[in-house]
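Each chain, letter by letter, is given below.
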Amino acid sequence: MLPISEGKELRSGAATQNGREVVMSTVFMLIGENSRTVAKAVAEKLKEIKSSIPQGITVTAVYDRTSLVDKALLTVQKNLIEGALLVIIILFLFLGNIRAALLTAMVIPIAMLMTITGMVHAKVSANLMSLGALDFGLIVDGAIIIVENCMRRLSEASRNGLKDTNIKTLPVNERFNVVFEATREVIRPALFGVFIITVVYLPIFALSGVEGKMFHPMAITVVIALVSAMILSITFVPACIALMFKKPVIEKESVVMKGARIVYQPILELSIKRRWLVVNIALLFVVVSGYSATKLGSEFMPNLDEGDIAMHALRIPGTSLNQAIQLQKSLEEKIKELPEVERVFAKIGTAEVATDAVPPSVADNFIILKPRDEWPDPNKPKDQLVDELAALVEPMPGSRYEFLQPIQMRFNELLAGVRAELAIKVFGDDFDQLIALGNEIEKAITNVDGVADIAVEQTTGLPILTIRPNRAALSQFGITIEEIQEQLSIALGGKVAGQFYEGDRRTDIVVRLPETLRTDVDGLAKLPILRAQGDYVPLQELADLELITGYNQIYRENGKRRVVVTANVRGRDLGSFVQDIQKTVSQTVEIPAGYWVEYSGTYQKLQSASKRLSIVVPITLVLIIGLLLLAMGSMRDALIIFSGVPLALTGGVLSLLLRDIPFSISAAVGFIALSGIAILNGLVMVAFIRDLRKDGAGLDTAIIQGALTRLRPVLTTALVASLGFIPMALNTGIGSEVQRPLATVVIGGIISSTILTLVVLPALYRLLHSHSAVEENISMSQSV
């Protein structure tokens, strides 16, 4: 008879919180579901569960993504509200008519309702990315152009034919005709301008993979918003003007516009007179900015400050679960000493559902921070807190640490299979050679500027009990290899001999050695091995037992063995950091034939997205030129308007340099949006100059009169578009890091493109149409 005792299942993992062991559950979300909705539903279910648990047991949520989502949405909401208010203020200042400003502002809420309806049908959720690029200035651009022209034409019609200062009230039919003609006058350039802004978002739809998943919702939302605004501009806005403005319209210039006109007119006349100098300065500006663009750093996406810290603890391979738990308790007690920490919890090893197949020597620590207003120093940078945390925990022996953020850690792991920001993968056949190369690379990159948390993955150091059968002894005693293997398997691993029923519960009855003998190498040497004759032979007579240090893990990727060196970057951009790493490795580490190095992580996604955009964006720019040619019917005029794109892009580059923001996919989306915005005002101004020339005005007169007449809509559209992005550029809330590059690029680009439209474009138009001026002079001399 064997002794029967109540044992316990072999544990491969554990969980701790605030220095004591706990039971932790993780909720998994189905693909395609909304994280905020699921998290709220889980929280409600958790309340129901609390009422049925035994006394003395508490259930609390330790990490809930809803709080992060809510904070990010609050940032978006703040940006949109502030942007809308700034846009409305500019409308009141520049349009000079309260009803006209209110009518234009009404486009914002109606377009937003139409956009939200479209998002619901397109199954796009409201989040940081989908609403991140919405600018109410862009939404009202088309409406501003139409409202401004209708107001000007109604004012002219009211005064037409009257010799005194009185103005007449227009009949309904005449008022409708004036509004119709005024709308038709600018509808073509306005529609084409907004349509071009919509077209420039097409490259975003060409993004695939992770970057496509991130930016497609943004492109869908912006396109829906622009199309909605365009529909309102040509239907709702003219109809409201015709119905609302029954009394005579008195067009008054605001003080701001009078001042702007006084300043602008001499500059305009000088730019036309010194047109070669102006155009050459603009070209020099483009060249200098193009060179400066090569000095920009790069990264896939700015790191979103999640508000919490994820700390990856890596201990000596072979650390038992009990040892890991004790080390973890000491670690958490240390971390809790920081006044900024609210709680800390950790997952050690592998859970029952093996989503993280890691040994007990690996622990994921989640450090949840208090709200900033509860910190001793609310203005303390998070990087400084991470440095203080590192200084606190790194002196503890037997462990090394990597510092990231909870979602960022998972994101990196999905991209490259490792949790750090950069993974240097060494491939080859000989595993020992791979380990040696990994150590060389680790040593080589230690002094690279910005490098942090360097580590070669733990490939060795795992204690392994090796039992080598003595074939001669086995033959002598008449025992086969299969027999000794089966008996050792039962003794060490156990074998299910039956099941014990207790109500609805079923528990396996397992036959195996007690824990004290299973972990005792000397005791195992005396393990009796049963012979067919019924007697026993000690294991030490049949095999050699040895405790050796073996490989901790052997990873393969695409059929090849590989070793990974991981690193994080702090204080600089990822792109230049990786370039320095690549340069250092190629110069100092000799890679033998048959072995090669790959660089993975978010940097790889930046490369793939940039490569795709480098193909799609030029095609889109050619398409824009085609649309301009279709709108203007002249290649010369199309190229004059298109010249706004390079000057706008240079403004975006300089704004990134001034704010020390690296190039990212977010900034790339800003450059894409900017290409369309830069064309709109140029298109409207050139179209108006052409109309004046068709009416018989001379070239210089048409340029000056057209530029002065279009000054108000150009300034208004530029200001509302740029000011709409200012809250995004200056906000410091959760999620603002992702929007900041995009907003910075658009604001800087709009400033430079407005300068082009008002100063360089008239000079360029005069330069490229100089033959017309010569023909006018010849015809005038002949008539004289």
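The shown structure was predicted, so the numbers you read here are calculated from the model rather than taken from an experiment. (Residues numbered from 1 in each chain as written. Predicted model: local features only at pLDDT ≥ 70, side-chain atom pairs only at ≥ 80, totals over all residues. Heavy atoms only, no water.)

**Topic: unusual backbone geometry**
Even without being a glycine, D453 presents a positive backbone phi close to 55°. Tracing the chain through its elements places D453 in strand β8 (residues 451–456). Backbone geometry places D660, a non-glycine residue, at a positive phi of 55°. Relative to the helices and strands, D660 resides in the loop between α23 (644–659) and α24 (665–694). (Helix = DSSP H or I, 4+ residues; strand = E, 2+ residues; numbered from the N terminus.)

**Topic: the state of the cysteines**
For the structure shown, the criterion picks out zero disulfides. As a non-bridged cysteine, C150 has C240 as the owner of its nearest cysteine sulfur, 11 Å distant. The buried category is assigned to C150, whose relative accessible area is 1%. According to the relative accessible area criterion, C240 is buried, its value standing at 15%. (Disulfide = S-S within 2.5 Å. Buried < 20%, exposed > 50% of the residue type's maximum accessible area, 1.4 Å probe, protein only.)

**Some points on the packing of aromatic side chains**
Scanning all chains against the criterion turns up four aromatic pairs. Counting every residue linked through ring pairs, the aromatic cluster contains Y63, F345 and F366. (Phe/Tyr/Trp six-rings, centres within 6.5 Å; stacked < 30°, edge-to-face > 60°.)

**Re the sheet that holds strand β3 (residues 309–315)**
Spatially, the six strands line up as an open sheet ordered β2-β1-β4-β5-β3-β6, and their pairing is antiparallel. Single-partner strands in this sheet number two, and they are β2 (20–22) and β6 (399–404). Each strand of the sheet is rotated relative to its neighbour by a mean of 25°, with strand direction disregarded. Note: strand β1 (residues 13–17) against β2, three bridges, orientation antiparallel. Paired with Q17 across the strands is R20, a residue of β2. Against the sheet, helix α11 (residues 321–335) touches β1, β2, β3, β4 (341–349), β5 (362–369) and β6, its axis set at about 165° to β4. (Pairing = 2+ DSSP bridges. Axes fitted to C-alpha atoms, helices over the stretch in contact; angles between N-to-C directions. Contact = heavy atoms within 4.5 Å.)

**Concerning a nonpolar patch on the surface**
Taken together, the side chains of I89, L93 and V256 define a hydrophobic patch exposed on the protein surface, amounting to about 240 Å² of accessible area. By secondary structure assignment, the location of V256 is in helix α9 (residues 255–273). (Patch = residues over 30% accessible without salt bridge, like charges linked within 9 Å, V, L, I, M, F, W, Y side chains within 5 Å. Areas by Shrake-Rupley, 256 points an atom, 1.4 Å probe, with all protein chains shown as cover. Salt bridge = Lys/Arg side-chain N within 4 Å of Asp/Glu carboxyl O.)

**A short note on the pairing of strand β7 (residues 422–428)**
For β7, the buried fraction is high: seven of the seven residues fall into the buried class. Where burial is concerned, the two faces of β7 agree: the one with L422, I424, V426 and G428 and the one with A423, K425 and F427 are both buried. Two strands pair when backbone bridges link them, and β7 and strand β17 (residues 596–601) are joined in this way by six bridges, in the antiparallel orientation. Counterpart to V426 in the pairing with β17 is V597. As paired strands, β7 and strand β16 (residues 560–569) are joined by seven bridges and run antiparallel to one another. Looking across to β16, one finds that F427 is bridged to R562.

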